[in-house]
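If you want the building blocks of each chain, they are given just below.
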Amino acid sequence: MAITRRGALKASVLSGVGAAVATTLPSAAWADTDPSGTAAVDADKALRLLEQGNKRWARHHSRHPHEGRARRAQLVGGQNPFATVLGCADSRVPPELVFDRGLGDLFTVRSAGQVLDGSVLGSLTYAAEHLHTPLLVVMGHQGCGAVSAAVEAHRTGELPPGHIGGLVAEILEVVESTPDDGEDFIDDCVRANAGHIARLLREDDELGGFVADGRLRVVAARYGLEDSRVSWL
Ligand SMILES: [Zn+2]
């Protein structure tokens, strides 16, 4: 039922008679189903949309919005995502699924352990500068293999060889500055790593300017594999 109504709304927006249909829907429904439409979405609103979507995902009530024919047609001419997500490449944490969003909603950049390099920074800067996304989420996750490998390197004193070693070395610095109290050190490092990357982005020469003048908010998050929930750090 809800899906049909959303489809009808989007189709009528495309055909230029959206206002008449929108009046039949609660404003909350409009805001939630078309966040990248005409209404401006600020960082607070973007955060709420992500929270709402993750709640649906965690409860197995995903709506899978913005996948249909009308949305695809709407996006041919451009994109206006309401948030950027820097997440891990891990196959268990695709941002569109865990936030229950669809096409055109999220600008996603993924690397193992959310490690930054020139390509990642360039992509994130593109989203802030040209797409004007008001929110950037750095999302680590429970059971991250890249962080676990850095913990292993910390304990053994040996980095893995090759490209993987280069990546793990980027996380090692955070691991070495995280207190090991024996409880759940890997998860502590997951949180510390997400927080560290968020700080680096806030202090970045280019992205920092967007943060300083209020055009961009950078938040760190952790996704739990066990409960499917995103917590803000
Ligand atoms: Zn990971």
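Here goes a summary of the coordinates provided. (Residues numbered from 1 in each chain as written. Predicted model: local features only at pLDDT ≥ 70, side-chain atom pairs only at ≥ 80, totals over all residues. Heavy atoms only, no water.)

### Examining the pattern of salt bridges
Threshold: Salt bridges are defined as contacts in which a side-chain nitrogen from Lys or Arg sits within 4 Å of a carboxyl oxygen from Asp or Glu. Put simply, DSSP H or I for four residues or longer makes a helix, DSSP E for two residues or longer makes a strand, and each gets a number counted from the N terminus. Throughout this description, buried means an accessible area under 20% of the type-specific maximum (1.4 Å probe, protein chains only), exposed means over 50%, and partly exposed covers the range between.
Overall, the coordinates contain nine salt bridges when judged by the stated rule. Taking the shortest distance from any N to any O, the salt bridge between Arg155 and Asp180 comes out at 3.5 Å. Taken together, the residues Arg155 in helix α8 (residues 145-156) and Asp180 in the loop between α9 (162-176) and α10 (185-202) connect sequence positions 25 residues apart. With a relative accessible area of 44%, Asp180 lands in the partly exposed category. When salt bridges that share partners are traced, they join Arg71, Arg101 and Asp105 into one network.

### A few points about the sheet that holds strand β3 (residues 135-141)
Convention followed: Only when DSSP finds a minimum of two bridges between them are two strands counted as paired. Lines fitted to C-alpha atoms define the axes, with helix axes restricted to the stretch in contact, and inter-axis angles between N-to-C directions lie between 0 and 180 degrees.
Strands sit in the order β2-β1-β3-β4-β5 across an open sheet of five strands; the sheet is mixed. Bordering the open sheet on either side are β2 (106-110) and β5 (230-232), each of which pairs with just one other strand. Taken over all neighbouring pairs, the strand axes of this sheet differ in orientation by 30 degrees on average, direction set aside. Where β3 and strand β4 (residues 217-223) come together, seven bridges link them in parallel fashion.

### A look at the nonpolar core
Basically, it comes down to this: We define the nonpolar core as a collection of buried residues of types Ala, Val, Leu, Ile, Met, Phe, Trp, Tyr and Cys that are connected through side-chain atoms lying within 4.5 Å of one another. Should any heavy atoms of two residues lie within 4.5 Å, those residues are considered in contact.
Grouped together as the largest cluster of nonpolar side chains are 35 residues, with contacts concentrated most on Leu50, Phe82, Phe99, Leu135, Val137 and Met139. Broken down by secondary-structure element, the contributors of at least two residues to this core are α4 (43-58), β1 (83-87), β3, α8, α9, α10 and β4. For Phe99, the residues in contact, after removing those within four places along its chain, are Leu50, Gly53, Asn54, Arg56, Val85, Leu106, Met139, Val230 and Trp232. Counting 20 residues, the second largest nonpolar core, distinct from the first, contains Leu124, Leu131, Ile197 and Leu201.

### So, the coordination of the zinc ion
Using the following cut-off: Water is not among the atoms examined, so metal sites may look incomplete; donors are the N, O and S atoms within 2.8 Å of the metal, or within 3.2 Å for Na, K and Ca.
For the zinc ion, the protein coordination sphere consists of Cys88 (SG), His141 (NE2) and Cys144 (SG), at 2.1 to 2.3 Å. Within one chain, the residues serving as donors to the zinc ion are arranged as C-x52-H-x2-C. On the criterion of sequence distance, the pair formed by Cys88 in the loop between β1 and α6 (95-98) and His141 in strand β3 is long-range, its members being 53 residues apart.

### Examining a negative patch on the surface
Note the threshold: Patch membership requires over 30% relative accessible area and the absence of a salt bridge. Like charges are linked within 9 Å, and nonpolar side chains (Val, Leu, Ile, Met, Phe, Trp, Tyr) within 5 Å. Here, Shrake-Rupley sampling with a 1.4 Å probe gives the accessible areas, and only protein chains in the shown set may cover a residue. In this tally Asp and Glu are treated as negative and Lys and Arg as positive; neither His nor the chain ends contributes. Charged groups are reduced to one reference atom each: NZ for lysine, CZ for arginine, CG for aspartic acid, CD for glutamic acid.
Together, Asp117, Glu170, Glu173 and Glu176 line one region of the surface with negative charge. Structurally, Glu170 can be placed in helix α9.

### Observations concerning the pairing of β3
Counting buried residues in β3 gives seven out of seven residues, a clear majority hidden from the surface. A two-sided burial pattern is seen for β3, the buried positions comprising Leu135, Val137, Met139 and His141 on one face and Leu136, Val138 and Gly140 on the other.

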